[in-house]
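Here is how the chains run, residue by residue.
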Amino acid sequence: MKIDPSFIWTAFIQLLSAIPTTLVITAVSVSVGFIIGVITALFRLYRVPVLSQLSTAYVTFIRGTPMLTHLLLIYFGLPVILDGLSSWFGWGFKSASIPMIAFAFISFSITAGAYMSEVIRSGLLAVNRGQIEAAYSVGMTTSQALRRIVFPQALAVSLPNLSNSAIGMLHGSTLAFTVSVVDINAKAQIVASTNWKFFEAYLAAAVIFWGLTVLIERLTARLEKRIQIYNRGGVA
Amino acid sequence: MIQLRHISKSFGRQQVLKSIDLTVNQGDVVVILGPSGSGKTTLLRCINYLEKPSGGEIAIGDFRLNCGRATKKDIHALRQKSAMVFQQYNLFRHKTALENVMEGLVIVKKQPKEEAKARSIALLEKVGLGSKLDAYPSQLSGGQQQRVGIARALALEPEVILFDEPTSALDPELVGEVLEVIRKIAKEGITMIVVTHEMGFARDVANHAVFMDGGVIVEEGSPAELLYHPREERTKQFLKRITPELNYSI
Amino acid sequence: MGAPFDFSFVIGAFSKLWSMLGVTLLIVGGSLLTGIVVGFLIALPRLYRIPVLEQFSKVYVSFFRGTPILIQLFLFYYGLPELLKLAHLDISRAPVLFFVIWTYGLHTGAFMSETIRASVTAVDRGQVEAAYAIGMKGAQAFTRIVLPQALAVAVPVFSNMVIALLKDTSLAFTLGVMELTGKAQTLGALTQHFIEAYLALALIYLVVSFTLEKLLRAAERRLLKHEQPNGAERRRFRIERKPSIRGMYAGIGAEKGGAKL
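Since the structure is predicted, the reported quantities are computational estimates derived from the model, not experimental observations.

## A few points about the arrangement of the chains
- Interchain contacts are distributed over 2 pairs of chains, and the most extensive set of them lies between chains A and C.
- In this structure chain A stays clear of chain B, and the shortest span between their C-alpha atoms is 16 Å.

Now the structure itself:
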């Protein structure tokens, strides 16, 4: 077996068709994860009884276990639960009708939610207590103070970590092959399986992922610059 | 005796020290005054080679060093002749007060631990911190940290102690305790060069005052002379600006 | 799908999986050691600004942080033998575990080097100056003053890295290594009790990462004992957090990107 440089290019071209799948999985898990993250972070910050304990347990469990186990548990567990409920209530719904990619969406969103919960929580904690007091002092309600004063500042602080989470989810989306979703990684395997040029195929895949990661980093840097204008100069 | 000859220093194209000559006799307490950016801190740091002078000659005691061709060994030898007290204290954060003072004795002077410890405790008692031996810097007030810094410098028995604005970072109510300690050791005849903004201290403790501006020594003389009868226009203006009783307009 | 849920299988699977923990820990330990060495080698050119090597370090870090570990595993498994063949080294018969540990090691090295770099730069410049001022030499100042303080800054990040690595090793099964995840899959397929097997798997990871975190937290507390003035007392009187050493970690950014496999 010799390295075949021309096949790297061939593989690269073929892999391009799988980029949308990878990006959709990433986008869905990051967006849903963000919503889960904000909600659970607020539960924990405001010490809402029961819900805050549940949130902590959720975050601890997810962060303490590999993303792969989440996917496997959802893939095998969710149909059992859904079919059970379905026959109990007579919905006439079959878990077999769930598309494979949905498992990836659900499981990865759950994973992302836990990580983002931590990011958002520390971002909110980083906002100076005086900011909220000042908001109250000009007559804002709690929700106004959160929306208009705290969130924008917390977001600016958490941006680098949120971007890291997004990159983590982009890389994590390679796990989708375990539920037969054809993302970039799975496609590389398929492309190479005809001629066993695995190295070339994965090299092409690596280049694509590398490019996408750099792209996310660049976009974040640009966004950070815009969002943090108020932080320019001074001690921050 | 300390002798600086033609010390110059540039940062990029900006010349901060322009051929400075200064002689300090054994047992002198010299204060260096001047507006910020005048080069006084840079000069002090050059004596300890924390800044590398662009040229000139430094002599401490019988050790002479030509800044153009100083080797690592020379620099190391020069540093052993002096000690520094920093504006931001710079105590070793991961070591207790006692360990901070012992560090130089054990590691640099290779003294036996027990001996170093006894000496360090004595010095910390001298600066009034006998009860804080095992406290970490983060558990001490600024004034206490600076007093540990002074004990650390004293421990090495250097030919000269360099003070870089030792009270500038302190809360006003803590300035007194630190100045008191410096005053006390000044009386013991230790040679000191002090960069400071404390005019009262300069007047009462120093026996020689130097005024710097724009990278040169504008004038020098006895503190009383320099503070009350300055000869140079630049000195007069500086003193007018910082002496509150002369300048009430706000 | 599979047999009906049976909780006793979770316990059975747990004890069966527990016996495979050694392989997972071996991968973690081996890659960590490799990663520390690689991390220093990669960090030094950037700390001391050595031309060319510095550029190489940047590209190295960017690549290993910019591509998924799963891709890296395949890349090295298929590519390394070819690459070394050019140097007349035949490792195509080396055990899979060898490739796995190397890949995770090189991967960890990239993150490690960022941690080392960030921690060393986090130590205040004044600390080195003070060390010089009392007459220490460069090496003394580094080992006695900078390193201990940098270590204290690095430990929490390091601890995150170890746990991320533990979780990442769950991918080694894709190359056929029989570690925790691989074993769980086999158990599931054998008994058709997939859910139970994977629940047990998750529990084991949870227990191990929890234990590791506790151990590393204890180490951190020891290294940072100088940063906790008067313990609880201070915490009670302060509403907002002061920008202490702890706060700096957030800014370090060498931590593994948020979600990890």
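## Side note on the UniProt feature "transmembrane region" (unreviewed entry) in chain A
Residue and element names in this part refer to chain A.
- Residues given the UniProt feature "transmembrane region" (unreviewed entry) here are residues 28-46, 67-91, 97-116, 166-186 and 198-216.
- A distance of 27 Å separates the end C-alpha atoms of residues 28-46, which is 95% helix and 0% strand.
- Its end C-alpha atoms 31 Å apart, residues 67-91 is made of 92% helix and 0% strand.

## Topic: the state of the cysteines
- Counted according to the given criterion, the structure contains 0 disulfides over all chains.
- Sulfur of cysteine 46 of chain B: no disulfide; nearest cysteine sulfur belongs to cysteine 67 of chain B and is 7.4 Å away.

## Looking at the nonpolar core
- Among the nonpolar cores identified, the biggest contains 117 residues, and Phe108 and Ile184 of chain A together with Tyr104 of chain C are the most heavily contacted of them.
- Ranked by residue count, the leading element in this core is helix H9 (residues 194-223) of chain C, at 11 residues.
- Leu22, Cys46, Phe86 and Ala116 of chain B belong to the second-largest nonpolar core, a separate cluster that totals 93 residues.

## Some remarks on the interface of chain C and chain B
- The interface of chain C with chain B comprises 24 residues on the first partner and 26 residues on the second.
- Interface of chain C and chain B: buried area, both sides summed, is about 2200 Å²; carbon and sulfur atoms make up 56% of it.
- At the boundary of chain C and chain B, one finds 2 salt bridges.
- With a shortest N-O distance of 2.4 Å, arginine 144 of chain C and glutamate 103 of chain B are connected by a salt bridge.
- Here chain C is connected to chain B by 8 residue pairs in polar contact (both at pLDDT 80 or more).
- Those elements that place two or more of their residues in the side of chain C that touches chain B are helix H6 (125-133) and helix H7 (138-168) of chain C.
- Looking at the side of chain C that touches chain B, the element that brings in the most residues is H6 of chain C, giving 7 residues.
- For the side of chain C that touches chain B, the residue count by class is 9 nonpolar, 8 polar and 7 charged.

## Things to note about helix H9 (residues 233-242) of chain B
Residue and element names in this part refer to chain B.
- Buried within H9 are the following residues: Thr235, Phe238 and Leu239. Seen from one end, H9 has its buried residues packed into an arc of 95°, which puts them on one side. Looking at H9, the residues exposed on the side facing more than 90 degrees away from the buried face are Glu233, Lys240 and Arg241.
- Where H9 is buried, its residues touch strand E3 (29-33), helix H7 (199-205), strand E9 (208-213), strand E10 (216-221) and helix H8 (223-228).

## A few points about the side chain of threonine 65 of chain A
- Mapped onto the elements of the fold, threonine 65 of chain A is located in the loop between helix H3 (51-64) and helix H4 (67-89).
- Within the local environment of threonine 65 of chain A, its side chain forms a polar contact with the backbone oxygen of phenylalanine 61 of chain A, the two atoms lying 2.7 Å apart.
- With residues up to four places along the chain from it excluded, the contact list for threonine 65 of chain A reads His70 of chain A together with Lys167, Ala202, Tyr205 and Leu206 of chain C.

## Brief notes about the layout of surface pockets
- What the second largest pocket holds in volume is close to 910 Å³.
- Lining the second largest pocket are 26 residues, and of these Tyr48, Arg125, Val128, Tyr132 and Phe142 of chain C lie nearest its centre.
- Where the lining of the second largest pocket is concerned, the elements lending two or more residues are helix H2 (72-81) of chain B together with helix H2 (21-47), helix H5 (96-122), H6 and H7 of chain C.
- Residue composition of the lining of the second largest pocket, grouped by class: 13 nonpolar, 3 polar and 10 charged.

Rules used in this analysis
- Numbers given to residues run from 1 along each chain, matching the order in which its sequence is written.
- Written order decides the labels, with chains lettered from A and ligands numbered from 1.
- Residue-level local features of this predicted model are given only where pLDDT is at least 70; pairs of side-chain atoms are given and counted only at 80 or more, and the full residue set underlies all totals for whole chains, interfaces and linings.
- Hydrogen atoms and water are omitted, and side-chain values are computed over all heavy atoms in the structure.
- The criterion used for residue contact is that any of the two residues' heavy atoms lie within 4.5 Å.
- UniProt positions are given in the numbering used here, feature names are shortened, and annotations may be inferred rather than shown by experiment.
- Segments assigned H or I by DSSP are reported as helices when at least four residues long, segments assigned E as strands when at least two residues long, and all are numbered from the N terminus.
- Any two cysteine sulfur atoms lying within 2.5 Å of each other are counted as a disulfide.
- Residues enter a nonpolar core if they are buried and are Ala, Val, Leu, Ile, Met, Phe, Trp, Tyr or Cys, with the set joined through side-chain atoms within 4.5 Å.
- Between buried and exposed lies partly exposed: a residue is buried under 20% and exposed over 50% of the maximum accessible area for its type, with that area taken using a 1.4 Å probe on protein chains only.
- Accessible area, probed at 1.4 Å, shrinks when two parts are joined; the buried area is that loss added up over both.
- We define a salt bridge as a contact between a side-chain nitrogen of Lys or Arg and a carboxyl oxygen of Asp or Glu at a distance within 4 Å.
- Under this definition, polar contacts are N or O atom pairs within 3.5 Å; protein pairs additionally need one hydrogen-donor-capable and one acceptor-capable atom, and for neighbouring residues in sequence, both atoms have to be side-chain atoms.
- Under the convention adopted here, Pro, Cys and the residues Ala, Val, Leu, Ile, Met, Phe, Trp and Tyr are nonpolar, Asp, Glu, Lys and Arg are charged, and Gly plus all remaining residues are polar.
- Our arc is simply the arc of the directions from the helix axis toward the C-beta atoms.
- Each cavity reported here is a set of points on a 1 Å grid over the protein atoms alone in which a 1.4 Å probe fits but cannot get out, each pocket an open set with protein on both sides within 12 Å along at least five of seven lines, and each lining residue one with an atom within 4 Å of a point.
- Grid points are joined across faces, edges and corners, and a volume is the space filled by probe spheres set on the points.

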